[in-house]
Amino acid sequence: MGLSLIIILFKGYYLKSNKEIYNDAAKFFMKIFAINFTMGVITGIPMEFQFGTNWAKFSELTGGIIGQTLAMEGTFSFFLESSFLALFIFGEKLMGQKLHFLTGFFVFLGSWASGYLILATNAWMQHPVGYEILENGKFVLTHFSKLFSNPWLLPAFLHNQMASLVTSSFVVASIGAFYLLIKKHEAHGKLFLKTGVIIGLISSLLVAFPTGDLNAKNVAKYQPAAFAAMEGIFETEDAGAEIVLIGQPNMVEKKLDNKIAVPNILSFLTYQEWDKQIIGMDHFDESELPDNIPALYYSYHIMVGLGTIFIGIMGISILFLYRKKLYNFKPLLWTILFLVPFPFIANITGWYVAELGRQPYLVYGLLKTVDGVSLTVSSGNTLFTLLGFVALYMLLGLLFLVLVGKTIYHGPQHQKH
Amino acid sequence: MEIFWFVIIALILTIFFILDGYDFGTGIIHLFFAKKEKDKEVIAKAAGLFWDSNEVWLVAAGGLLFMAFPTLYASAFSGFYLPLIIILWLIIFRAIGLELRGHINHPIWKTIWDKSFGVSSLLLALFFGIALGNIARGVNLGGVENNLSAYEPHYFFLPLWDASFSPSTTHPGVIDWFTIVIGIIAVVTLTIHGANWIVLKTNASINTQLKNVVFNLNITLAVLTIFSVSIWHIVEPHPLANYLEYPIFLIFPTIYFTGLIGLFFVKKFKKEVYAFTCSCLMISGGVTSTLATMFPTLLPSTNNLNPDLTIYNTATSEYGMSVAIPWMIIGIILLIIYFIIQKKLLGGKIDNMDYGH
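Looking at an unreviewed UniProt entry, one finds chain B named Cytochrome bd-I ubiquinol oxidase subunit 2 apoprotein, with Wenyingzhuangia marina as its source organism. Looking at the Subcellular location (unreviewed entry) heading of the UniProt record, one finds this comment for chain B: "Cell membrane". In its Sequence similarities (unreviewed entry) section, the UniProt record describing chain B reads: "Belongs to the cytochrome ubiquinol oxidase subunit 2 family."

What follows is the structure in structure tokens.
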């Protein structure tokens, strides 16, 4: 999603300036996008199947609602992306530059619409709205528009999009750094690095504030148990809650070991009041708390910690760029190069926070995860297929790395072979 | 409202079988008939340029089924757990076969992905046929044994096979001799369809040979069709009941037989598109005839205790179904517009088009 935006920025700038290098960049990253997209399609179809195969009861009960947004995703976004991607890759000569930009724009639109509709589905699971529960336990839709005006949706969507933009700008910057370090395709390398760090700084800031901030406030408001668990607040703090920087949840004694915390900050960040009360985990019944508190706590802290590091590195890079020293300062180039896996980790841990935080529910407060599974599918069968998918996805991951690596190695200048 | 959504989903599913059907068929021809590298490449391209926009229709059908008939979606997808996972694997291997063969120019690399593409296509055609056979035959809803349901009345679970391989046992498996017959029919039909597509879209050196293949397979298909019609009463005691009640449904078998008979003239057609049209008619007629025999049932029950799953007892609320109509129409319009653009850009023979890869 992030890359599609960067691609149309390159393409748009090419239309304006008519400099070949921007067109090279757009086409080069579209190749990488295409590999991502193939992997996305083939690992995405199992996701659609999985609702029915593994979560039959959940699908039966809520299909009338989340079926809407998921079917829209399938009909609109998936279609926009897959069809216009082929046109973008294939049709430059046939269509002329302006139409080519337009097809790229539709790929971008499709991928962002896809994110929006998936997030709308997830937002309903996090904070259900516009529904009615029938006598037989089924959820039916009463207000279609509420699915999209869900207060959970917009912050979550923007946070997710900004996070994907962070990831892609790191990818773009690190490919640039790589070219500068190996002294190949240096003109392109400089362009990639510059674009990557500029967009990287903007998106790293936006991912924290306001989008991350708004999300955290939503969690505090609608899922206070999840909020207490992810922040590591075991006991309710009446006179303002501290923010935990480091510490390990000790689930036996119900406290944090080796804690380093700053007093009152959490209350201020959440409510803009220094001494506002924050409810701790002691306030909730065991059955209402997320089942894996340490995993949730660590995921959240890894995400926030990495996010802070990203802002720092991108900020320093911008400083060097401004003083025209970025392209020759090897320690920073190496740092950017080796940082590339971390935005992916931050994204994954971010989703862990959303999903672990919602536990023990599938639909928050209404339907427990254990009540959503396929009762007729035995655990032996699910384990068998899970092991299969683990192996298959490892193979796909390996192929993905080989192909992206090969594309990067070939470089942006070798468009035709 | 239920009927409206049933028709829409059936239509989308039929379009999917026509479009992705030629992809599968192309893979089968690729596996058995393409010997020269030039042919292999161009035949892979005849599928590779189109597969992902064709698979959009499967995703759309799945999504709409989920939205309009959630109970059916939940029941069928969990009950057919194992075959669906197999289909997923095949879809994945077919897709990576198509997408990856061009990335590294080495015979071993290409052979691996060509086989991956061909074998998965063959098995996908077989399994989609088997799936259709399962839906026609029905399943033991509720897992009834000795007149007691093991699950809720609308759930079931099918093993891949039952030792007897008989469609009329208490707990039939996914694969029995009836569903295998339907699976083979699907393979033959889609092979014909794929061959017609290759002849239409490429100048492969095997095109003349393929016309003979189509002719011979068509004879096989005619025999198989008569055989399957004659055994249909085993799975559905009154196969003609719906046709007697709604004579308009007879249009579906008519479409099928028009395509089937038309293909006997494959060697005499002046335009290649005629043959392809015939196989399109055949597929759409075959799928719709099967659905018409069952209507309004979506998944029959093989026991007397639990009722069939129909469009009426699996649908979501009236409001949900009506609110989805406007956006669905916009979606369909978009799909059609795209289809026209694609036809314009990728119309004609594709041999010499440069696909950027």
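Read on for the rest.
Caption draft 1: Highlighting the domain arrangement of chain A. Residue and element names in this part refer to chain A. Along its sequence, chain A is organised into domain 1 (1–150 + 380–417) and domain 2 (200–377). With 21 residues of domain 1 in contact, the opposing surface of domain 2 contributes 17 residues. Note on domain 1 versus domain 2: buried area summed over both sides is about 1500 Å², and carbon and sulfur give 66% of it. If you sort the residues of domain 1 by the area they bury against domain 2, W55, M125 and Q126 come out on top, with a joint share of 35%. Inspection of the region where domain 1 meets domain 2 yields zero salt bridges.

Caption draft 2: Fine view of the environment of K115 of chain B. Residues and elements named next belong to chain B. Here K115 is to be found in helix α6 (residues 107–137). Residue K115 is classed as partly exposed on the basis of its relative accessible area, which comes to 45%. With 210 residues separating them along the chain, K115 and I325 place their C-alpha atoms 42 Å apart. With near-sequence residues (within four places) excluded, K115 lies in contact with L31 and S120.

Caption draft 3: Quick look at a nonpolar patch on the surface. All names here are of chain A. On the surface, L383, L386, L387, V390 and M394 cluster together into a nonpolar patch covering about 510 Å² of accessible area. Residue position: V390 is located in helix α14 (residues 379–410). For V390, a relative accessible area of 43% corresponds to the partly exposed category.

Caption draft 4: Highlighting the pairing of strand β4 (residues 255–262) of chain A. All names here are of chain A. Of the pairings in the sheet, the one linking strand β3 (residues 243–250) to β4 comprises six bridges and is antiparallel in character. Bridge pairing in β4 links Q248 to D257. Here β3 folds back onto β4, and the loop between the two strands holds four residues, one of which, K254, carries a positive phi near 55°.

Calculation criteria
- Residues numbered from 1 in each chain as written.
- Chains lettered and ligands numbered in written order.
- Predicted model: local features only at pLDDT ≥ 70, side-chain atom pairs only at ≥ 80, totals over all residues.
- Heavy atoms only, no water.
- UniProt positions renumbered as here; feature names shortened; annotations may be inferred.
- Domains from an automatic or database assignment.
- Contact = heavy atoms within 4.5 Å.
- Buried area = accessible area lost by both parts, 1.4 Å probe.
- Salt bridge = Lys/Arg side-chain N within 4 Å of Asp/Glu carboxyl O.
- Helix = DSSP H or I, 4+ residues; strand = E, 2+ residues; numbered from the N terminus.
- Buried < 20%, exposed > 50% of the residue type's maximum accessible area, 1.4 Å probe, protein only.
- Patch = residues over 30% accessible without salt bridge, like charges linked within 9 Å, V, L, I, M, F, W, Y side chains within 5 Å.
- Areas by Shrake-Rupley, 256 points an atom, 1.4 Å probe, with all protein chains shown as cover.
- Pairing = 2+ DSSP bridges.

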